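Here is what each chain is made of, one letter per residue.
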Amino acid sequence: MLLAANPIGCEAGGPALNYAERRQRGTLERYVFDRQYLERLAGGDAEVERHFAAYFGELLLVKLRGRLRSPQVVADLRQETFVRVFHALRKKDAIQHPERLGGFVNSVCEHVLLEYFRSGKRTVQMQEDATEPIDRSHSVESELITEERTQLVKRVMSELPEADRKLLREVFLEERNKDQLCEELKIDRNYLRVRVHRAIERFRLSIQSKGKLSRAAKAAG
Amino acid sequence: MDHQLAERTGAADRYLLNEFSAEERAEFEAHYFDCVVCASNVREGSIFIDSVKALMERETEDAARDEPHVEPRRPAAWFAWLRPATLTPSLVALSLAMIVGYQNLLTLPSLRTPQLLSTSVIAPLTREAAPIVTIDPRLPRFNLNFMLDAPRANSSYVCQFMDERGAAILTMESGLREVSSFTLSFLLLTSQFPPGRYTLSVRDPANRSLVVQQYNFVIRVGAAK
Ligand SMILES: [Zn+2]
């Protein structure tokens, strides 16, 4: 299964729509996991499959990257999670509460991770790829989105105070020890988090307003 | 974890900053996979962090490409520390092999820009002043070489960098060594060594209180000439 990149203009607010309503409105950006969604997913509806893969693909990526450094292992375990979820979906009544589909995906992923760690492959894989923490496998579509994101991040970064830019570099690029960094900068961990949060929040706001603009343009065009 | 608690405690940011214990992380994951708002916070935060990393890596690479950093081949003032023995081809080769080894050993973030490594070597502690090492603050990393002349060959050594207050800032193993005299080469993060005085202690891993050799040096920033 090919994983699609997530749309960056995902609306954060507003009422959630069920699958039929979303289909009518031509958007899958807000949704509810209901029985209908599960049935279509199990039945191989390409649109729902794409939505599912995009939405949970990114969440699984974040989760798995928190535990594993090798992009290849992350990709493999994510794929294994999808395979098991699809397998379960095809069994009748495997998922009793459709609204808890996310929780189900998360627990399947936990099992996959546990099995992986128990298999003892961990150290070998982590050593092999330890120097390449960022997953750089992209489709053409996701490269375009990546470029768009980069432009947004550039703008957000240019609006930040120099001290905050430096802090982000130390925390995320250099992966500095945060306690040590706080000591050097004479700040506490809460304040470090506030400054990181401030930067992320600016980015959230800018992608939300960009999402609104592109939807407005789509509606007008 | 419920949504209110997640919001109130800034759980998404804590999660992305890797501040949770294993239990807290599991609790928050169980929540955000089912909570569209928290999932969105996590996803957007993660995209931001990845993009910031990619952007900064690109900027660093561009800066390094525009202004290539070339270490002088001429002996610097403190080059007199160099002992003739370290100039023998076998030791130079050993030193280069170690630099390559360290890049893997230290699991440093990607090093994609070619960079000339310094050939200057710091000798063990003497009564004289610590040599001054000028590093280029625009570059994310710099290399330091230390001449080690141990009384006997150890299989490996524990190397610990300390700041002037004596606080340990970096500790690592040298990896397998088969000779007693060689050059220890390190590739270090510029951000981890702000200007100041430092000490490197090289210890016997079997008896960490035993200092095999100690080196003092001073980091100063400035453009490399
Ligand atoms: Zn929530």
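As the structure is a computational prediction, the values presented were derived from the model and not from experiment.

1. Quick word on the packing of helix H4 (residues 71-89) of chain A against helix H5 (residues 101-118) of chain A
Residue and element names in this part refer to chain A. Contact geometry for H4 and H5: axes closest at 9 Å, N-to-C directions at 130 degrees. Classified by the angle their axes make, H4 and H5 are oblique. For the crossing formed where H4 meets H5, the hand is right-handed. Residues Val73, Leu77, Glu80, Thr81, Arg84, Val85 and Ala88 of H4 form the contact with H5, whose participating residues are Phe104, Val105, Val108, Cys109, Val112, Leu113, Glu115 and Tyr116.

2. Section: the sheet that holds strand E8 (residues 207-221) of chain B
All names here are of chain B. Spatial strand order, E2-E8-E7-E4-E5: 5 strands in an open sheet with mixed pairing. Across the chains shown, the open sheet's two edge strands, defined by having one partner strand only, are strand E2 (132-135) and strand E5 (168-173). Each adjacent strand pair in this sheet contributes to an overall mean axis angle of 30 degrees, direction not counted. Note that strand E4 (residues 158-162) and strand E7 (residues 196-204) share 5 bridges and pair antiparallel. Paired with Met162 across the strands is Thr199, a residue of E7.

3. Some points on the pairing of strand E3 (residues 141-149) of chain B
Residues and elements named next belong to chain B. The buried count for E3 comes to 8 of 9 residues, which makes it a mostly enclosed element. Bridge count between E3 and strand E6 (residues 181-189): 9 bridges; the pairing is antiparallel. Within the sheet, the bridge partner assigned to Asn143 lies in E6 and is Leu187.

4. Examining the coordination of the zinc ion
Residue and element names in this part refer to chain B. Distances from the zinc ion to its protein donors, His3 (ND1), His31 (NE2), Cys35 (SG) and Cys38 (SG), fall at 2.0 to 2.3 Å. One can describe the donor arrangement at the zinc ion as tetrahedral, given that its 4 donor atoms subtend angles of 100 to 131 degrees at the metal. Here the donor residues of the zinc ion are spaced in sequence according to H-x27-H-x3-C-x2-C. Judged on exposure class, the residue Cys35 and its partner Cys38 are both buried.

5. Quick word on the interface of chain B and chain A
Listed by partner, the interface residues are 46 residues for chain B and 58 residues for chain A. Summing the contributions of chain B and of chain A, the shared interface buries around 4900 Å²; its carbon and sulfur component is 57%. Counting the surface chain B buries against chain A, the share from its top three residues, B:Phe33, B:Arg43 and B:Phe48, is 17%. Our enumeration of links across chain B and chain A arrives at 9 salt bridges. Note that A:Glu183 and B:Arg165 form a salt bridge whose closest N and O atoms lie 3.3 Å from each other. At the junction of chain B with chain A, the criterion picks out 13 residue pairs in polar contact (both at pLDDT 80 or more). For the side of chain B that touches chain A, the secondary structure elements donating two or more residues are helix H2 (11-16), helix H3 (22-32) and helix H4 (36-66) of chain B. For the side of chain B that touches chain A, the leading source of residues is H4(B), giving 21 residues. In terms of residue class, the side of chain B that touches chain A is built from 21 nonpolar, 10 polar and 15 charged.

6. Quick notes on the nonpolar core
Among the nonpolar cores identified, the biggest contains 68 residues, and A:Phe52, A:Phe56, A:Leu168, B:Phe28, B:Tyr32 and B:Phe48 are the most heavily contacted of them. In this structure, A:Leu168 is in contact with A:Met157, A:Leu160, A:Leu173, A:Val196, A:Ala199, B:Phe48, B:Val52 and B:Met56, ignoring residues within four places of it in sequence. Counting residues in each nonpolar core, the second largest holds 25 residues, with B:Val133, B:Phe142, B:Phe146 and B:Leu148 among its members.

7. Observations regarding the pattern of salt bridges
Counted under the stated rule, the structure contains 25 salt bridges over all chains. For B:Asp34, the salt bridge identified is with A:Arg100, shortest N-O distance 2.8 Å. Remark: A:Arg100 occurs in the loop between H4 and H5 and B:Asp34 occurs in the loop between H3 and H4; the pair is interchain, linking two chains. Classification of B:Asp34 by relative accessible area gives partly exposed; the value is 29%.

8. Brief notes about unusual backbone geometry
All names here are of chain A. Backbone geometry at Glu175 places phi at a positive 50 degrees, although glycine is not the residue there. In this structure, Lys186 takes a positive phi of about 55 degrees despite not being glycine. Residue placement: Lys186 occurs in the loop between helix H9 (178-185) and helix H10 (189-220). The exposed category is assigned to Lys186, whose relative accessible area is 74%.

9. Overview of helix H2 (residues 35-42) of chain A
All names here are of chain A. Along H2, the residues classified as buried are Tyr37, Leu38 and Leu41. All buried residues of H2 project into a common sector of 95 degrees when viewed along the axis, lining one side. Of the residues trailing H2, Gly44 is marked for its positive phi of about 85 degrees.

10. Let's talk about the environment of A:Glu170
The residue A:Glu170 is located in helix H8 (residues 162-173) in this model. Along the primary structure A:Glu170 and A:Leu181 are separated by 11 residues, whereas in three dimensions their C-alpha atoms are 8.0 Å apart. Residues within four places of A:Glu170 in sequence aside, it is in contact with A:Glu175, A:Arg176, A:Leu181 and B:Ser191.

11. Overview of the confidence of the model for chain A
The predicted coordinates ought not to be read in detail in places where the model reports low pLDDT. For chain A, mean pLDDT is 73; residues scoring 70 or higher make up 68% of the total. Looking across chain A, the model is least confident in helix H6 (residues 122-129) of chain A, with a mean pLDDT of 35, and most confident in H5(A), with 93.

Reading the values: rules and limits
Residues numbered from 1 in each chain as written. Chains lettered and ligands numbered in written order. Predicted model: local features only at pLDDT ≥ 70, side-chain atom pairs only at ≥ 80, totals over all residues. Heavy atoms only, no water. Axes fitted to C-alpha atoms, helices over the stretch in contact; angles between N-to-C directions. Helix = DSSP H or I, 4+ residues; strand = E, 2+ residues; numbered from the N terminus. Parallel < 35°, antiparallel > 145°, perpendicular 65-115°, else oblique. Left-handed = near helix turned anticlockwise from the far one by under 90°. Contact = heavy atoms within 4.5 Å. Pairing = 2+ DSSP bridges. Buried < 20%, exposed > 50% of the residue type's maximum accessible area, 1.4 Å probe, protein only. Donors = N, O, S within 2.8 Å, 3.2 Å for Na, K, Ca; no water. Tetrahedral: all angles 85-135°; square planar, octahedral: opposite > 155°, others 65-115°. Buried area = accessible area lost by both parts, 1.4 Å probe. Salt bridge = Lys/Arg side-chain N within 4 Å of Asp/Glu carboxyl O. Polar contact = N/O pair within 3.5 Å; in protein donor to acceptor, adjacent residues only side chain to side chain. Nonpolar A, V, L, I, M, F, W, Y, C, P; charged D, E, K, R; others polar. Core = buried A, V, L, I, M, F, W, Y, C linked by side-chain atoms within 4.5 Å. Arc of directions from axis to C-beta. pLDDT = per-residue confidence, 0-100.

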